[in-house]
Amino acid sequence: MAKIAIINRNLKRQRIVTKFSKVKSNLLEILSDKSKSIEEIEAAKIKLQKLPRNASQVRLRNRCALTGRGRGFYRKFGLGRIKVREMAMNGEIPGITKASW
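Given the structure is predicted, the values throughout are model-derived calculations rather than measurements. (Residues numbered from 1 in each chain as written. Predicted model: local features only at pLDDT ≥ 70, side-chain atom pairs only at ≥ 80, totals over all residues. Heavy atoms only, no water.)

With respect to the nonpolar core
Alright, step 1. Counting residues in each nonpolar core, the largest one holds 6 residues, listed as Ile 16, Phe 20, Leu 27, Ala 44, Leu 51 and Ala 55.
Alright, step 2. Discounting residues that sit within four places of it in the chain, Ala 44 has contacts with Leu 27, Ile 30 and Leu 31.
Alright, step 3. Listed in part, the 5 residues of the second largest apolar core include Leu 79, Val 84, Met 87 and Ile 93. (Core = buried A, V, L, I, M, F, W, Y, C linked by side-chain atoms within 4.5 Å. Buried < 20%, exposed > 50% of the residue type's maximum accessible area, 1.4 Å probe, protein only. Contact = heavy atoms within 4.5 Å.)

Topic: the packing of helix α1 (residues 4–32) against helix α2 (residues 38–50)
Alright, step 1. Packing of α1 against α2 leaves a shortest axis separation of 9 Å and a crossing angle of 150°. Two packed elements cross with a definite hand, and for α1 against α2 that hand is left-handed. Between α1 and α2, the contacting residues are Lys 24, Leu 27, Leu 28, Ile 30 and Leu 31 on the first element and Glu 40, Ile 41, Ala 44, Lys 45, Lys 47 and Leu 48 on the second.
Alright, step 2. Its residues placed into classes, the contact of α1 with α2 shows 7 nonpolar, no polar and 4 charged. (Axes fitted to C-alpha atoms, helices over the stretch in contact; angles between N-to-C directions. Helix = DSSP H or I, 4+ residues; strand = E, 2+ residues; numbered from the N terminus. Left-handed = near helix turned anticlockwise from the far one by under 90°. Nonpolar A, V, L, I, M, F, W, Y, C, P; charged D, E, K, R; others polar.)

Topic: the pattern of salt bridges
Alright, step 1. One pass over the structure, following the stated rule, counts 2 salt bridges.
Alright, step 2. In this structure, Lys 45 engages Glu 42 in a salt bridge whose closest nitrogen and oxygen atoms are separated by 3.8 Å. Here Lys 45 pairs with Glu 42, and both are found in helix α2, just 3 residues apart, close to one helical turn.
Alright, step 3. Look at Glu 42 and you get partly exposed, because its relative accessible area is 38%.
Alright, step 4. Between Glu 86 and Lys 83 there is a salt bridge, with the nearest N and O atoms lying 3.1 Å from each other. In this pair, Glu 86 and Lys 83 are both assigned in helix α3 (residues 81–89), 3 residues apart and thus about one turn of the helix distant. (Salt bridge = Lys/Arg side-chain N within 4 Å of Asp/Glu carboxyl O.)

What follows is the structure, given as structure tokens:
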């Protein structure tokens, strides 16, 4: 189980990313538009730099929904590898069985 503080930090980052997503996309749109003047582009660059560091999607970490484990994450299930294996062994994930040959 991951530390509660690390899990909460990631949740806080998720909230910040969603809060600033529209602002960031608008600024990036201005930067990519070639018809804008140099002053508008420079103003957009400065505003983009003023955004919080945690407003970037790259700083998010995929974590297991049950344990908070950051490594061995399966996107399809939203769980860590250990929990996927346990749930598959117990038959709690439909369509997944342990391989045996």
